[in-house]
Amino acid sequence: MRLMAVVAVIMLSAGAVFFALDMTALVQWAAERQREFQNAMAGAIRGLRTGQPGAWSALLAAAVAYGFVHAVGPGHGKYLIGGLGLGSSVSTTRLVTIALLSSLAQALWAVTLVYGGFSLLSYTAHQLTAFTETVLAPISYLAVALVGLMLFWRGLRSFLSRDTSWRRQDHGHCSGCGHAHAPAPEDVAKLTSLSDTVALIASVAIRPCTGAIFLLIIAWQMDIKLAGAVATIAMGLGTAGLTTMVAVSSVAARGVTLASAKGLGTVSTALSALQAVSGVLIIWFSMLLFGVAVRV
Amino acid sequence: MTFNKKRGRRSLATSAQSMLRVLAGVSIMLVGAHHVSAHPHAFVDGGVDFVLTQQDGQPVLSALHVTWLLDEFETLYMLSAAEIGLNQDGNLSEPDRSAFVKQMHEWLGSFAGSTHVSVGSESKPLRRAENIVVDIVEGRLKITFDRAFASPVKVVGEKIDVGFYEQTYFYAYSVTQSARVRGAEAQCETQTIPFNDELPALQASLRKLGREEVPEDTDVGRLFADWIVLQCA
């Protein structure tokens, strides 16, 4: 019964919040700042071409700021990191590291893709942007959805396992029978293996940021390749700034939930349920983005 | 194991409140995913002029004269993508200008457009862009062109609405110039209605946008659009 109550609370809360929040103002604000910062990048690029002093630092500062505000918009990395923070037992340090490495890998992949595409494959700018949007984006969304599926499966498995142990305990049939009935919170989706970490980073990094692709195309054509590459990495750091905030917030939020669940003696249950729900949300958002991407 | 029902209900309520706070936070983090398509990458200022001609002694709307002023970053991207650079004066050389206009002809042919015209509930289709002119104005690419109507539109006694937007909202368009009426004599007035997210009807649409409808909505740009209205007596 308590299991049903926990699941119901999570699902109802998710529904209530989802239908109550209106983020239009925030998105509008982010779009306006993005416009300012991309204009600042353009000014700095022109300054670099004409040898203006301070153009390098202006470009890097604008790129960091652009990366941050651009990340406020839709992005697969953000909700993956948020979902993981909420629905796994990954530590703050580890999740922040994953967020940072994902953003940096995304930036480095953008540099490789654009500069490699121009120099080795003789791609045009239009081919590069089309490849990013029509091939890499759907692959990335599917990869993120697979991570969500993994979270859901692990959460469901531990949730069902916990249910069994309760029934046994409630009937007094199983004291000291010598095996673990349910995973402890620390056993649920630690995501500590190298393969888990690489999969998470790769699922985010596969799809480079459109703004980074644009910046690199401009840098290549204007023959400021080094500045373009460094600014793209700076942009990745800006993106990491926001995803890091998401990482810290989501792990803190999980802590609050589990602290409350302790009073009910349902820590394992709450974590398992959160993990499964987070997995479903990640799958859902990924597939929404996938649907949009394949329709382009 | 015994279960204290009163304590359990209190704990459950506390747990529910905490989870609500958690999910609120998560939803805020996931804001972008709410607005799957609401994510402009380029910003374009401009507007339209109305071109009237005479048909059977009556003024009719025969074309729109469209002006785009791209943001500085998009300007550099479009020129770079076209493999065109600016000269020492920060402008286009004549050969580059001609080459870019040629590319724009092709690109605009496949572009769904930034102007969406309707009279009442009936949309009025436009032909592809003609008379394309490009220039650089203070580091920004200015593009003007004409789009003729597939069939001239009666204007006397009608209210003609022009939505200045791009459907996917990849490009965020804003009306920044007053609409003018050119050509045939007519007593017409134009009005610009800027995007206002405080309008109740629009709020309702945006709430819908922020929920499950967005990914299915291929016309999301309309919800953020500025509008231009033409009315002739």
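This text goes with the structure placed above it.
Owing to the predicted nature of the structure, the values given are computational and were not obtained by experimental measurement.

(A) Region of interest: the packing of aromatic side chains. Enumeration according to the criterion identifies 13 aromatic pairs over all chains in this entry. Relative to Y77(B), the ring of F214(A) lies with its centre 3.8 Å away and its plane at 10 degrees, an arrangement referred to as stacked. Taken together, the residues span two chains, with F214(A) in helix 8 (residues 210-221) and Y77(B) in helix 3 (residues 72-81). As far as the burial class goes, F214(A) and Y77(B) line up, both buried. Grouped by ring-pair contacts, the aromatic residues F214(A), W68(B), Y77(B), W107(B), F145(B), F164(B), F170(B), Y171(B) and Y173(B) constitute a single cluster.

(B) Unusual backbone geometry, seen in detail. Residue and element names in this part refer to chain B. Unlike most non-glycine residues, E83 shows phi in positive territory, near 55 degrees. For E83, the location among the structural elements is in the loop between helix 3 and helix 4 (94-110). Judged by relative accessible area, E83 falls into the exposed class, the value being 55%. One non-glycine residue, N131, lies in the positive phi region at around 55 degrees. In this structure, N131 sits in strand 5 (residues 130-137). In this structure N131 comes out as exposed when scored by relative accessible area, which is 52%.

(C) Expanded view of the side chain of Q38(A). Inspection of the secondary structure assignment puts Q38(A) in helix 2 (residues 24-49). Here Q38(A) falls in the buried class, since its relative accessible area comes to 0%. With residues near it in sequence (within four places) discarded, Q38(A) still touches Y66(A), H41(B), A42(B), F43(B), D71(B) and F73(B).

(D) The environment of Y123(A), seen in detail. All names here are of chain A. When you line up the elements, Y123 lands in the loop between helix 5 (92-119) and helix 6 (125-170). Here Y123 falls in the partly exposed class, since its relative accessible area comes to 30%. Apart from the residues lying within four places of it in its own chain, the contact partners of Y123 are G117, F118 and L128.

The rules we used
As a convention, each chain's residues are numbered from 1 in the sequence order in which they are written. For this description, chains carry letters from A and ligands carry numbers from 1, given in the order in which they are written. Totals for whole chains, interfaces and linings use every residue, but because this is a predicted model, local features are given only for residues with pLDDT of at least 70 and side-chain atom pairs only at 80 or more, for both listing and counting. Where side-chain values are given, they derive from all heavy atoms of the structure, hydrogens and water being excluded. Only Phe, Tyr and Trp rings take part, Trp by its six-membered ring, and two of them pair if their centres are within 6.5 Å. Stacked means planes under 30 degrees apart, edge-to-face means over 60, and tilted covers everything else. Comment: elements are numbered from the N terminus, with helices defined as DSSP H or I runs of at least four residues and strands as E runs of at least two. Any residue under 20% of the maximum accessible area for its type is buried, any over 50% is exposed, and the rest in between are partly exposed; the area is computed with a 1.4 Å probe on protein chains only. Note on contacts: a residue pair qualifies if any of its non-hydrogen atoms lie within 4.5 Å across the two residues.

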